[in-house]
Amino acid sequence: MGNTKTTIPGILYETFRHLSSFLRWIGLCLVILYLFSGFYSISSNEIGILQRFGKVLDDKVQPGMHYAFPWPVDRVIKVPIRTVERLLIDDFYLIELNSAARVFSNMTGLDSYCLTGDNNFVNVQCVIQFTVTNPFDYLFRAKDQNIMLRSLACSTIIHCLAKMPIDEALTRGKQGIARFVKLELQKRLDAVRSGLSVSFVELGDLRPPNRVEQFFSDVVKAKIDREKMVNDAESYRNERIPAAQADANRIVQEAGAYKTEVVLRAEGETDRFIRLLERVSATGNFARKMIYIETMKEIMENVGEKHFVFMNEDGKAPARLKLFRPQ
Amino acid sequence: MKYIVGFIVATGLLLGFVYMNSFVVSQSEYVILTQFGKPVATIKSAGFNWRWLGFVQRANRIDRRTHTFTTQPIQLLLGDKNPIVLTSYICWQVSDPLLFFQALISTDIATQKLGDMVNSQMGNALGDFAIGNIINTNSSEVKLASLEERILKNTNSSAQKNYGIEVLQVGIRRIAYPAVVAEAVYNRMRSEREKEAKKFRAEGREEATKIRAIADREATEILAEAYKQTEILKGEGDQKALKIYSEAYGRDKEFFEFTKSMEVYKDILGRQSTLVLSTDSDIFKYLNNPEGRK
């Protein structure tokens, strides 16, 4: 076989031999790389599910570095469990573009609303916040979780409002609705083993349908009007009674003053009278005449118009006197 | 060297053989193995499985997860002849894969059949319910839950028997009224609110009028009481004064009349008065006779 290096098959064989030793290294590297591809990491907000040929070996792989056999033997699915997701339930809300209410409306041509216990309509919108708490159920037991969640939530809202009068729903009922929806929805989600947990139900908006909303707000306005009328009347009363009391007080005071005045005057006058009387009885008619003359003097001085008439013997006046007062 | 080549080729062939003759069942599915279309095995547990070559045995995968879907809206009559439009949701899963496989083949068809079943059950069941059992402010009268329970029970037994489907949950997802009825409800809501608003305003007016009337009455009472007191005070004063006068004047009636008259003359004869006086008056006694007139 001395000519093996010169014959064409010999050259081919040599080339192949060199090549294959090179390829062997590459192959080895590939195998090592393949085996290393089995390392995987789970971050802190995830849970891993390890499957071997589709069968779940471990549904709670904790965060950290792990090893599994590479494809196609093992497979790891990472499920975010601490992420809070939100689903807007707008089936009973206004018909807007792309809203869930529109789907129903397009099918039936009917408005979107939810019935209340006293046979009224309300528009309600809420947000369901949920997390995955059971990754196994989430992955392998439920399909289309969003459709599931939406359907169950809608039904829960119907159940809740079917028992509630509209006035309660619109005012103090909101919290009760949210609480009921959360509890009942969780019960239903557990019953179908969805693997989901409702963390919060936020009742975004709850109001009468647009068509009748103005009449509802008018009721609120009427309540305010009622308050205002009563307040006005009360302020009238608050003015009226103190005013009356002030008036009453004033006239009573005046009457008291009158009483005092009358009595004092009487005392004064009688005192004077008694003094005069004493003088009269002491001096006889003299004092009496003095009083008369003094009084006449005063009168004569005061009277504006005076006419003096001389009388004849027969007691008749000699002339006629015409009296008039310039206007 | 030859061994290496041989090994690689052998491994390749082996893997190919394994690939062609095996399949993997996921945790989320069942597999019905059919041989020339005839089911030969049902595999319910997940894992690695063998089969004959692809064209001989086929693995038919059936999703075992819970499906949820919504039925078409349907208008139905309640027991009291009230029409309502309903939509329901149904949660279901395959409980008997073989029966499901033989009966229905696909999920879409299953959905359709279940929807029809639920809607027809709903039509039957609603005949036993009045509108007051669907919505009521008295929560013990609301029988929605028992309605759903009944639909679930009936649908489930039939679906399980015929299609190998277990219905897990049925719920009403939407209740509406046909347009005409809804119109009436809107009108009633409107008139109820108008009535309420009117009531509030009337109440306010009534209350306000009452408060004003009471205020007026109280004020009048206060003033009347004050007048009464005033009169009493005045009366007391007058009485006391009169007593004082009468005690004093009782001492000389004639002189009292004289002094009082003098005072009254002074008061009534003022600047506006016109006095026509005869010179015969006592005051002029000395006017033309120093000795005085007789």
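As the structure is a computational prediction, the values presented were derived from the model and not from experiment.

Engineer: Please set out the overall build of chain B residue by residue, giving values where relevant.
Structural biologist: Regarding its fold elements, chain B presents seven helices and 10 strands. For a compact globule of 294 residues, the expected C-alpha radius of gyration is about 19 Å, and chain B comes in at 57 Å, more than 25% above that figure. By principal-axis analysis of the C-alpha atoms, chain B measures approximately 190 × 65 × 35 Å. A burial count over chain B gives 40% of its 294 residues as buried. Counting contacts in chain B only where the partners sit at least 6 residues apart, residues at least 24 apart contribute 62% of the total. In chain B, 39 side chains carry a positive charge and 34 a negative one; their mean positions are 14 Å apart.

Engineer: Could you give an account of the sheet that holds strand 3 (residues 38–43) of chain B, naming the residues involved and the relevant values?
Structural biologist: Residue and element names in this part refer to chain B. The strand order across the open sheet formed by three strands is 3-2-5, and the pairing between neighbours is antiparallel. Looking along the sheet, the strands with just one partner apiece sit at the ends: strand 3 and strand 5 (57–63). Averaged over neighbouring strand pairs, the angle between their axes works out to 30° when direction is ignored. As defined by bridge partners, strand 2 (residues 29–35) adjoins strand 5 across seven bridges and the pair is classed as antiparallel. What sits directly across from Thr 34, in strand 5, is Arg 58.

Engineer: Break down the packing of helix 3 (residues 107–126) of chain B against helix 5 (residues 144–163) of chain B for me, citing the residues and quoting the values.
Structural biologist: All names here are of chain B. Where helix 3 contacts helix 5, the axes come no closer than 10 Å and their chain directions differ by 140°. Classed by the angle they form, the pair helix 3 and helix 5 counts as oblique. As helix 3 runs across helix 5, the sense of the crossing is right-handed. Every residue of helix 5 that contacts helix 3 at Lys 113, Leu 114, Met 117, Val 118, Gln 121, Met 122, Asn 124, Ala 125 and Leu 126 is listed here: Leu 147, Arg 150, Ile 151, Asn 154, Thr 155, Ser 158, Ala 159 and Tyr 163. Broken down by class, the residue content of the contact of helix 3 with helix 5 amounts to 10 nonpolar, five polar and two charged.

Procedures and definitions
Residues numbered from 1 in each chain as written. Chains lettered and ligands numbered in written order. Predicted model: local features only at pLDDT ≥ 70, side-chain atom pairs only at ≥ 80, totals over all residues. Heavy atoms only, no water. Helix = DSSP H or I, 4+ residues; strand = E, 2+ residues; numbered from the N terminus. Rg over C-alpha atoms; globule rule 2.2 N^0.38 Å. Buried < 20%, exposed > 50% of the residue type's maximum accessible area, 1.4 Å probe, protein only. Contact = heavy atoms within 4.5 Å. Lys, Arg positive; Asp, Glu negative; His and termini not counted. Charge placed at Lys NZ, Arg CZ, Asp CG, Glu CD. Pairing = 2+ DSSP bridges. Axes fitted to C-alpha atoms, helices over the stretch in contact; angles between N-to-C directions. Parallel < 35°, antiparallel > 145°, perpendicular 65-115°, else oblique. Left-handed = near helix turned anticlockwise from the far one by under 90°. Nonpolar A, V, L, I, M, F, W, Y, C, P; charged D, E, K, R; others polar.

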